[in-house]
Structures are given as structure tokens and as C-alpha cells.
Amino acid sequence: MASVVNITVHGIGPTDRDLDPGEDLTWVRIDQFEQMLDAAVGRDDVRLTFDDGNASDVEIALPRLLERGLTGEFFVLAGLLGQSGRLDADGVRELVKSGMSVGSHGWAHRDWRRLDSGQATEEIAEAHRLLAELTGRPVSRVAIPFGSYDRHVLRRLRRARVSRAYTSDGGRARPGSWLQPRNSLRHDMDADWIARVLDGRAPLPVRARKLAARTVKRVRG
Ligand SMILES: [Zn+2]
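Being a predicted model, the structure only gives us computed values, none of them experimental.

How each quantity is defined
Residues numbered from 1 in each chain as written. Predicted model: local features only at pLDDT ≥ 70, side-chain atom pairs only at ≥ 80, totals over all residues. Heavy atoms only, no water. Donors = N, O, S within 2.8 Å, 3.2 Å for Na, K, Ca; no water. Helix = DSSP H or I, 4+ residues; strand = E, 2+ residues; numbered from the N terminus. Buried < 20%, exposed > 50% of the residue type's maximum accessible area, 1.4 Å probe, protein only. Core = buried A, V, L, I, M, F, W, Y, C linked by side-chain atoms within 4.5 Å. Contact = heavy atoms within 4.5 Å. Phe/Tyr/Trp six-rings, centres within 6.5 Å; stacked < 30°, edge-to-face > 60°. Lys NZ or Arg CZ within 6 Å of the ring centre and 35° of its normal. pLDDT = per-residue confidence, 0-100.

Engineer: Whenever I open this one, the coordination of the zinc ion confuses me. Can you help?
Structural biologist: Under ideal tetrahedral coordination, the four donors around a metal are separated by 109.5 degrees; under ideal octahedral coordination, the six donors are separated by 90 or 180 degrees. Taken together, the protein ligands of the zinc ion are D52 (OD), H105 (NE2) and H109 (NE2), with distances of 2.0 to 2.1 Å. One chain supplies every donor to the zinc ion, and in sequence these donors are spaced D-x52-H-x3-H. With D52 in the loop between strand 2 (46–51) and helix 2 (56–67) and H109 in the loop between strand 4 (101–104) and helix 4 (117–135), the pair connects residues that are 57 residues apart, well separated along the chain. For D52, a relative accessible area of 4% puts it in the buried group. With a relative accessible area of 17%, H109 lands in the buried category.

Engineer: Mind showing me how you'd approach the nonpolar core here?
Structural biologist: In terms of nonpolar packing, the biggest core is built from 39 residues, with I7 and L48 touching the most fellow members. For this core, the elements supplying multiple residues, two or more each, are strand 1 (5–9), helix 1 (30–40), strand 2, helix 2, strand 3 (73–76), helix 3 (89–97), helix 4 and helix 6 (191–199). Other than its neighbours up to four places away in sequence, L48 contacts I7, L37, A40, L65, L70, T71, G72 and E73. Ranked by size, the runner-up nonpolar core spans twelve residues in total, among them W112, L115, L157 and V162.

Engineer: When you look at the packing of aromatic side chains in this model, what are you seeing that I'm missing?
Structural biologist: Any two aromatic rings considered together are summarised by their centre-to-centre distance and by the angle between their planes. Considering all chains together, one arrives at three aromatic pairs under this definition. Seen in terms of ring centroids, F33 and F50 are 6.1 Å apart; in terms of plane orientation they differ by 70°. Their pairing is edge-to-face. With F33 in helix 1 and F50 in strand 2, the pair connects residues that are 17 residues apart, well separated along the chain. Across this residue pair, the class does not change: F33 and F50 are buried. With centroids separated by 4.3 Å and ring planes inclined at 10°, the aromatic side chains of F50 and F74 adopt a geometry described as stacked. Here F50, found in strand 2, pairs with F74, found in strand 3; they are 24 residues apart in sequence, far enough to count as distant. For F74, a relative accessible area of 0% corresponds to the buried category. An aromatic cluster is built from F33, F50 and F74, whose rings are joined through pairwise contacts. One residue, R158, lies across the ring of W178, its end atom 3.7 Å from the ring centre.

Engineer: Explain the confidence of the model for the protein chain here, please?
Structural biologist: Residues shown with low pLDDT carry predicted positions that ought not to be read at fine detail. Summing up the model confidence of the protein chain, the mean pLDDT is 91 and the portion of residues at 70 or higher is 90%. Confidence over residues 202–210 falls short of pLDDT 50; this stretch has three contacts with residues more than four positions distant or in other chains. Scored below 50 in pLDDT, residues 216–221 shows four contacts in the model against residues more than four places distant or in partner chains.

The following block contains the structure:
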């Protein structure tokens, strides 16, 4: 496979916690999320990732993934487990038990470019330790909070033996590369947006037609 599209899902549907500033821009309705999943069925070049450890990961996303035979990689905030509107320890275990992968989104949703050394230990080593303990498997993949990184952040992640780092840079990714750009769902997404993100790099009309035909078939099926 020449390239893949990484999708980032944040919150879905109703929530009982106060959203952080700007968080509403990435919060989607259930029908928008389902539209995304339906478009991902049968596409092994589409990877679904989930950030922030929202309760909707288990309550809304998990059953809909399972229904469609899809899997996702869930990047959890280790220090916020059990808070209102977030996943708790049982939720994380349920994801793993259901065949989903769990990675780290750090400890407390801090900007990794602005950490003191104590916070850096918590955000990376401590978060990995706690999540490994919870899931019973090693955790070595991270999704960088706010997609905020620089060369210092990347060096720190390499030193911590992080095996894959997801950003929010957009576009397609090489399947095996260490740094993986992702495309975040947004509150105003629709079918056109999904088609653009999934098929945006199809430059030839003939290829575009083929993809359109596949889309129609998926919708009917
Ligand atoms: Zn986040």
C-alpha cells in the first residue's frame, strides 16, 4: 500500500462535561461519525484513531465499530481517567477486550512543547506505565496533544522508545513511518468532506470515477 489516511475522532454525541476552548470544533454528531465509519468499511488504507479518552469512545464509538467489523486505536489521557465525561479504567479494559488498541495521549492534555522535566516524565513515562498496567500490554504509541510538537518533543519521544507518533498535520501518510500525520473530524463535516479527505489525492479523472462508483456501492450496501 502506497499510503494511508489517518483519521482522528475526538468527542461524539452528547456529553456531560464542559468542553475545553475550541473543543466544540472537533466534536461531531453520531450521524456524522456513522457516515465516516461507513466510508471506511472495506478500505484498508483508512486508519481510525480516537483522542482524549472521551466516554463516547466506549458508549458510542465502540459498538458502531464492532457492528461494522472495524477497529480503532484509542489514545487515552492517563491522568484524566474516570473524570466526568471521560473513559474510566473499566472502559479502557473494555476497548482492549473488544480488540481495539490503546495508546497514550499523555497525562493531562498539556502542550508537549511547554513541559518542565517533571511534567515530561508524567506525560510520557508515567502515562505509558499506567496504561500498560491497565491494559496488560506494553504501550509505545502516542498521539501528540494538540498536534503540538517541535524537534525537542520528537527527540524526547525517540528517547522514550515511542514506536509511532501521530500528529495532526493532515494529508496521507506512508503506512510504516514513525511520524504519522492525521486528519481530524470537524463539527461541520459532511459527505463531501469525507470524500475529499479519503480520496483527495486522486488526481486522475478515471481514478476519481472509480472511487465514486465504490462510494455509491458502499452506501447501497
Ligand atoms: Zn487531545
